[in-house]
Amino acid sequence: MESRWLEDFLSLVDTRNFSRSAEARYTTQPAFSRRIKSLEDWVGAKLFDRTTQPISLTPSGERFRPVAEEVLRRLLQGREDARRVSETSANLIRFAATHSLSLTFFPAWIRSIESGTHAFNIRLDSYQFTDCIQSLIKGECHFAISHAHPQVEMNLPPMHFTSKLVGTDRLLPVTLPDSSGAPLDRLPGTPEEPVHYLAYTEASAIGRAVDHMINHVEEPVYLSRVFVSQLAAVLKTLSREGKGMAWLPESSISEELASGSLVLAGDEKWFIPVEIRIYRSRDPLPAMAEQLWSMLDGEVEPLQVLQSEEDA
């Protein structure tokens, strides 16, 4: 049995789609499918029901999932522990953060922490939401920072991981104004004139929060998806060019709202409150990482085990 089979398995659990997982794992779909089949042969049971759309875990797959997560976590954590012994810079603190928070939140946040003590030796890797979580699970970073929403599943078992609240934000629907200052696109749209919608990819935490709101809003909403990106900065640029409406973090568009270069495309019922959280393993971290964690003001909260929309 190869450890990459477990990574393949967990990727497919997350995406429920062979093509998307093959792309995320940088391989072809036939090769990825063969590896999943090899894992099922090794286990001796079918792990996925391929007759459903999206595919779903079989009862055997549900039983195997926590085992795979724990084995892979311990294996990769053990590798990182062994590496740490020989690292020339034992005080390095490794962060993984989503692209948007790496640009808009992290620099000022870490500067505020260091202003009260000393500069830390830090490495920041910027990823998509799912890759941030996988980096933490694999032990490749000490901390992961992401937007969080009650209906976005983190896939971090609370017995092994915890988090602190380090900030709050709101996702606001914004668009370019017309010559009179009115929004070019206005929610909820109509069947005849749907809103031109700039969307996030399925791998985005922000995108999952927006999708949940759209799917559960009380009144019908009419959207015409004209562009998709994982980066809020890209959607912001396109919205400023008049390409459509996007839900953007309020913290990243305060100047545009103040100047009027972007305007709200809907009232407060379309606003989405989100948290900014830092996540870590409950296992002991290196001394400098533990020191930084102890300096954070947010109360430790156990992760909620939430059912994803795909499983609902």
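Residues numbered from 1 in each chain as written. Predicted model: local features only at pLDDT ≥ 70, side-chain atom pairs only at ≥ 80, totals over all residues. Heavy atoms only, no water.

The name an unreviewed UniProt entry gives the protein is LysR family transcriptional regulator, with Ciceribacter thiooxidans as the organism. In the Sequence similarities (unreviewed entry) part of its UniProt record, the protein is described as follows: "Belongs to the LysR transcriptional regulatory family." (UniProt positions renumbered as here; feature names shortened; annotations may be inferred.)

Just give me the short version of the UniProt feature "domain: HTH lysR-type" (unreviewed entry) in the protein, but keep the residues and values in it.
Here the UniProt-annotated "domain: HTH lysR-type" (unreviewed entry) positions come out as residues 1-58. Secondary structure content for residues 1-58 is 60% helix and 7% strand, while the C-alpha to C-alpha distance between its ends is 20 Å. (Helix = DSSP H or I, 4+ residues; strand = E, 2+ residues; numbered from the N terminus.)

Before we move on, can you summarise the confidence of the model for the protein with the specific residues and values?
Detailed reading of the predicted coordinates is not advisable wherever pLDDT falls low. When pLDDT is averaged across the protein, the result is 88; 93% of the residues are at 70 or more. Predicted confidence in the protein is weakest over strand S12 (residues 300-302), with a mean pLDDT of 56, and strongest over strand S10 (residues 263-264), with 97. Note that residues 304-312 has pLDDT below 50 and, in this model, 17 contacts with residues that lie over four places away or in other chains. (pLDDT = per-residue confidence, 0-100. Contact = heavy atoms within 4.5 Å.)

Lay out the nonpolar core with the relevant residues and their values.
Grouped together as the largest cluster of nonpolar side chains are 44 residues, with contacts concentrated most on Leu156, Leu171, Val210, Trp247, Leu248 and Ile272. Taken together, the elements giving at least two residues each to this core come down to helix H7 (129-137), strand S5 (143-148), strand S6 (161-175), strand S7 (195-200), helix H8 (205-216), helix H9 (232-240), strand S9 (246-249) and strand S11 (272-281). In terms of nonpolar packing, the next biggest core, distinct from the first, is built from 21 residues, Ile276, Ile278, Met288 and Leu296 among them. (Core = buried A, V, L, I, M, F, W, Y, C linked by side-chain atoms within 4.5 Å. Buried < 20%, exposed > 50% of the residue type's maximum accessible area, 1.4 Å probe, protein only.)

Just give me the short version of the environment of tyrosine 197, but keep the residues and values in it.
Looking at where tyrosine 197 falls in the secondary structure, it is placed in strand S7. Along the sequence, tyrosine 197 and valine 226 sit 29 residues apart, while their C-alpha atoms lie 5.8 Å from each other. Setting aside residues up to four positions removed in sequence, tyrosine 197 forms contacts with Val210, Asp211, Ile214, Leu223, Ser224, Arg225, Val226, Phe227, Met245 and Trp247.

Any details on the pattern of salt bridges? Residues and values, ideally.
Where charged atoms of side chains with opposite charge meet at close range, the side chains can pair. Taken as a whole and judged by the stated rule, the model has 20 salt bridges. Between arginine 35 and aspartate 8 there is a salt bridge, with its nearest N and O atoms 2.6 Å apart. You can see arginine 35 sitting in helix H3 (residues 29-43) and its partner aspartate 8 sitting in helix H1 (residues 3-15), a full 27 residues away along the chain. The buried category is assigned to arginine 35, whose relative accessible area is 13%. What you see here is one network of salt bridges that share partners, running through Glu7, Asp8, Arg25, Arg35 and Lys138. (Salt bridge = Lys/Arg side-chain N within 4 Å of Asp/Glu carboxyl O.)

How would you summarise the state of the cysteines if you had to cite specific residues and measurements?
Using the criterion set out here, one finds 0 disulfides in the structure. Here cysteine 132 stays unpaired: no disulfide links it, and the sulfur of cysteine 141, its closest cysteine neighbor, is 7.4 Å away. By relative accessible area, which is 0% here, cysteine 132 ends up buried. (Disulfide = S-S within 2.5 Å.)

A description of H8 should follow, citing residues and the corresponding values.
Compared with an ideal rise of 1.5 Å per residue, which puts 12 residues at 16 Å, H8 spans 17 Å between its outermost C-alpha atoms and is within 8% of the ideal. Burial runs high along H8: 9 of the 12 residues are buried. Those residues of H8 that sit buried are Ala205, Ile206, Gly207, Arg208, Ala209, Val210, His212, Met213 and Ile214. Regarding H8, its N-cap is serine 204, as a side-chain oxygen of that residue lies 3.2 Å from the backbone nitrogen of isoleucine 206 further along. (Expected span 1.5 Å × (residues − 1). Polar contact = N/O pair within 3.5 Å; in protein donor to acceptor, adjacent residues only side chain to side chain.)

Requested: an account of a nonpolar patch on the surface, with residues and values cited.
A contiguous nonpolar patch, built from Met1, Trp42 and Val43 and spanning about 290 Å² of accessible area, is present on the exposed surface. Relative to the helices and strands, methionine 1 is located in the segment before H1. The partly exposed category is assigned to methionine 1, whose relative accessible area is 44%. (Patch = residues over 30% accessible without salt bridge, like charges linked within 9 Å, V, L, I, M, F, W, Y side chains within 5 Å. Areas by Shrake-Rupley, 256 points an atom, 1.4 Å probe, with all protein chains shown as cover.)

Before we move on, could you go through the packing of aromatic side chains and cite the residues and values that matter?
Counted according to the given criterion, the structure contains 10 aromatic pairs. It is lysine 164 that lies over the ring of tryptophan 293; its NZ or CZ is 4.6 Å from the centre. Over the aromatic face of tryptophan 293 sits the side chain of arginine 280, whose NZ or CZ is 5.2 Å from the ring centroid. (Phe/Tyr/Trp six-rings, centres within 6.5 Å; stacked < 30°, edge-to-face > 60°. Lys NZ or Arg CZ within 6 Å of the ring centre and 35° of its normal.)

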